[in-house]
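In case you want the letters, here they are:
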Amino acid sequence: MADSSFDIVSKVERQEVDNALNQAAKEISQRYDFKGVDASIAWSGEKIEMRANSEERVKAVLDIFQTKLVKRGISLKALDTGEPQASGKEYRIGATLQEGLSQDNAKKVAKVIRDEGPKGVKAQVQGDELRVTSKSRDHLQDVINLLKGKDFDFALQFVNYR
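Parameters and conventions
- Residues numbered from 1 in each chain as written.
- Predicted model: local features only at pLDDT ≥ 70, side-chain atom pairs only at ≥ 80, totals over all residues.
- Heavy atoms only, no water.
- Salt bridge = Lys/Arg side-chain N within 4 Å of Asp/Glu carboxyl O.
- Helix = DSSP H or I, 4+ residues; strand = E, 2+ residues; numbered from the N terminus.
- Buried < 20%, exposed > 50% of the residue type's maximum accessible area, 1.4 Å probe, protein only.

## Structural notes on the pattern of salt bridges
- Per the counting criterion, the structure on display carries 16 salt bridges.
- Between E46 and R14 there is a salt bridge, and its shortest N-O distance comes to 3.2 Å. You can see E46 sitting in the loop between β2 (40–44) and β3 (47–52) and its partner R14 sitting in helix α1 (residues 14–30), a full 32 residues away along the chain.
- Using a relative accessible area of 60% as the deciding quantity, one classes E46 as exposed.
- Between R92 and E49 there is a salt bridge; the shortest N-O distance is 4.0 Å. With R92 in strand β6 (residues 90–97) and E49 in strand β3, this residue pair connects regions lying 43 residues apart in the sequence.
- By relative accessible area, which is 26% here, R92 ends up partly exposed.
- It is possible to trace a salt-bridge network through shared partners that takes in E27, R31, D33 and K68.

Right, dumping it as structure tokens:
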């Protein structure tokens with residue numbers, strides 16, 4: 001029997017992020033506590049930019065956006081936010097989406113699989129993803145459960161299970 005495998009990736013569904021951003025923008029435009037504070041959230045190239053007239057308000061915009069992301073099943077580990085910065089009369093927060101496993105992060109995951117995973121499971125880095133193979137599908141399930149139990153500082157998804 002051929003080896004079974006799956007890939008570990010760190011990707012974000014852009015459409016879901018877009019939907020969360022649109023929902024957050026709609027809520028900000030309708031909420032009473034945001035009336036007259038020029039609060040907004042929008043794409044700025046590849047970044048997401050949040051604006052408001054005070055530091056507390058811009059943090060509230062960020063909180064609304066994070067809530068919408070969680071409701072859409074997107075890990076907050078994929079969102080890299082900066083600190084509020086004053087720009088004239090307004091405050092801004094820039095946020096970027098982290099996609100793809102870096103070489104260092106892939107090596108961390110591979111080391112965990114090697115050290116704590118079942119015997120006979122192999123992990124190899126392929127570009128910005130990690131391929132995990134084994135003769136036993138049960139071992140692959142054990143690896144997935146092991147990694148879900150670990151707290152990495154980046155988001156992981158498991159795809160192409162076969």
